[in-house]
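The primary structure of each chain is shown beneath.
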Amino acid sequence: MELPSKLLENAVNEMSQLPGIGKRTALRLVLHLLKQPAEQTEMLSSALTAMRNDIQYCKECNTISDAEICGICSNASRDKSIICVVEDVRDVMALENTGMFKGIYHVLGGKISPIEGVGPSQLKITSLVEKVKEGNVSEIIFALSSTMEGDTTNFYIYRQIKEYEVKTSTIARGIAVGDELEYADEVTLGRSLLNRIPFETSIKPY
């Protein structure tokens, strides 16, 4: 794509690095920004810079936060004995949108995937096991996507905590096998959470 300006080309190249944004879409977005008042572009730039520099991760659950402890973990009305294990912050947002879960979360930061070179040590699994060891957790809910990688991660964690007195369950399979949690509609997701089943009964050999 031949562009009349090197500055424009650089902006398009950077914009096209975003997921789902091709060069043509990037060009359309950049030209749109160019037509807007300079203040609007500066506000966008400032917001992105502030997000990148100042955003934190909750020390309790690892989700994105503006403070050391996120609003969910610091909420006295949440049941901190029930922990819902999810892959990333998008899953926290999806489950929170159902309004049906009153416990807290633990964000792993991914799932075990040997093909992609992701092992247990690269996920926030050790801190979850430590929480269980402390004896204040009554239930662990596995809410990872129902893929082979998700099930492998669930089973790995289950083996780490099965000797402790903690109930383990998984969200009901109202969510189709292979589906990503973030794309499920809120009603289906909420019912899956409420109708969770004991994790032991969900284990299937591969």
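Residues numbered from 1 in each chain as written. Predicted model: local features only at pLDDT ≥ 70, side-chain atom pairs only at ≥ 80, totals over all residues. Heavy atoms only, no water.

A. Layout of the overall build of the protein chain. Scanning the protein chain from terminus to terminus reveals eight helices and seven strands. Out of the 206 residues belonging to the protein chain, those deemed buried represent 38%. Relative to all contacts within the protein chain whose residues are 6 or more apart in sequence, the contacts with residues 24 or more apart total 56%. Put simply, the protein chain shows about 12500 Å² of open surface, and 53% of that area lies on carbon and sulfur atoms. (Helix = DSSP H or I, 4+ residues; strand = E, 2+ residues; numbered from the N terminus. Buried < 20%, exposed > 50% of the residue type's maximum accessible area, 1.4 Å probe, protein only. Contact = heavy atoms within 4.5 Å. Areas by Shrake-Rupley, 256 points an atom, 1.4 Å probe, with all protein chains shown as cover.)

B. Broad picture of the sheet that holds strand 6 (residues 167-170). In spatial order, the strands read 4-3-5-6-7; together these five strands make up an open sheet with mixed pairing. The open sheet has two edge strands with one neighbour each: strand 4 (104-107) and strand 7 (197-198). As paired strands, strand 5 (residues 139-142) and strand 6 are joined by four bridges and run parallel to one another. Looking across to strand 6, one finds that Phe142 is bridged to Thr170. Sheet contacts for helix 5 (residues 126-133): strand 3 (82-86), strand 4 and strand 5; angle to strand 4, the most-contacted strand, approximately 145°. (Pairing = 2+ DSSP bridges. Axes fitted to C-alpha atoms, helices over the stretch in contact; angles between N-to-C directions.)

C. Structural context of the UniProt feature "zinc finger region: C4-type" (unreviewed entry) in the protein chain. Within the UniProt annotation, "zinc finger region: C4-type" (unreviewed entry) is assigned to residues 58-73. With 0% helix and 12% strand, residues 58-73 has its two end C-alpha atoms placed 8 Å apart. (UniProt positions renumbered as here; feature names shortened; annotations may be inferred.)

D. Quick look at the packing of helix 1 (residues 6-15) against helix 2 (residues 23-35). The N-to-C vectors of helix 1 and helix 2 enclose an angle of 120°; their axes lie 8 Å apart at closest approach. The orientation of helix 1 relative to helix 2 falls into the category oblique. Crossing geometry of helix 1 relative to helix 2 is assigned as right-handed. Listed contacts from helix 2 to Leu8, Ala11, Val12, Asn13 and Met15 of helix 1 are Lys23, Ala26, Leu27, Leu29, Val30, Leu31 and Leu33. (Parallel < 35°, antiparallel > 145°, perpendicular 65-115°, else oblique. Left-handed = near helix turned anticlockwise from the far one by under 90°.)

E. Quick look at the environment of Thr153. In this structure, Thr153 sits in helix 6 (residues 148-161). Owing to a relative accessible area of 0%, Thr153 belongs among the buried residues under this scheme. Here the alpha-carbon distance between Thr153 and Leu108, two residues 45 residues apart in the chain, equals 9.7 Å. Apart from the residues within four sequence positions on either side, Thr153 is in contact with Leu108, Lys111, Ile112, Leu123 and Leu144. Within the local environment of Thr153, its side chain forms a polar contact with the backbone oxygen of Glu149, the two atoms lying 2.8 Å apart. (Polar contact = N/O pair within 3.5 Å; in protein donor to acceptor, adjacent residues only side chain to side chain.)

F. Main features of unusual backbone geometry. For Asn62, which is not a glycine, the phi torsion comes out positive at approximately 75°. With respect to the helices and strands, Asn62 occurs in the loop between strand 1 (56-57) and strand 2 (64-65). Since its relative accessible area comes to 18%, Asn62 is described here as buried.

G. Seen up close, a nonpolar patch on the surface. Taken together, the side chains of Leu44, Leu48, Met51, Ile55, Tyr57 and Ile64 define a hydrophobic patch exposed on the protein surface, amounting to about 550 Å² of accessible area. At three residues, the largest contribution of residues to the nonpolar patch is made by helix 3 (residues 38-54). Within the element layout of this structure, Met51 appears in helix 3. (Patch = residues over 30% accessible without salt bridge, like charges linked within 9 Å, V, L, I, M, F, W, Y side chains within 5 Å. Salt bridge = Lys/Arg side-chain N within 4 Å of Asp/Glu carboxyl O.)

H. Here's a closer look at the pattern of salt bridges. On inspection of all chains with the given rule, the structure shows six salt bridges. Note that Glu68 is salt-bridged to Lys59, the shortest N-O span being 3.6 Å.

I. Broad picture of the pairing of strand 4. Residues Ile104 and His106 point to one face of strand 4 and Tyr105 and Val107 to the other, with burial holding for every one of them. Note: strand 3 against strand 4, four bridges, orientation parallel. Paired with Val86 across the bridge in strand 4 is Val107. For the handedness criterion, the β-α-β arrangement of strand 3, helix 4 (residues 89-96) and strand 4 is classed as right-handed. (Right-handed = clockwise from strand over helix to strand, strands pointing away.)

J. Structural context of the environment of Leu44. The topology assignment puts Leu44 in helix 3. Take Leu44: its relative accessible area is 39%, and that puts it in the partly exposed class. For the pair Leu44 and Leu33, spaced eleven residues apart in sequence, the C-alpha separation works out to 9.6 Å.

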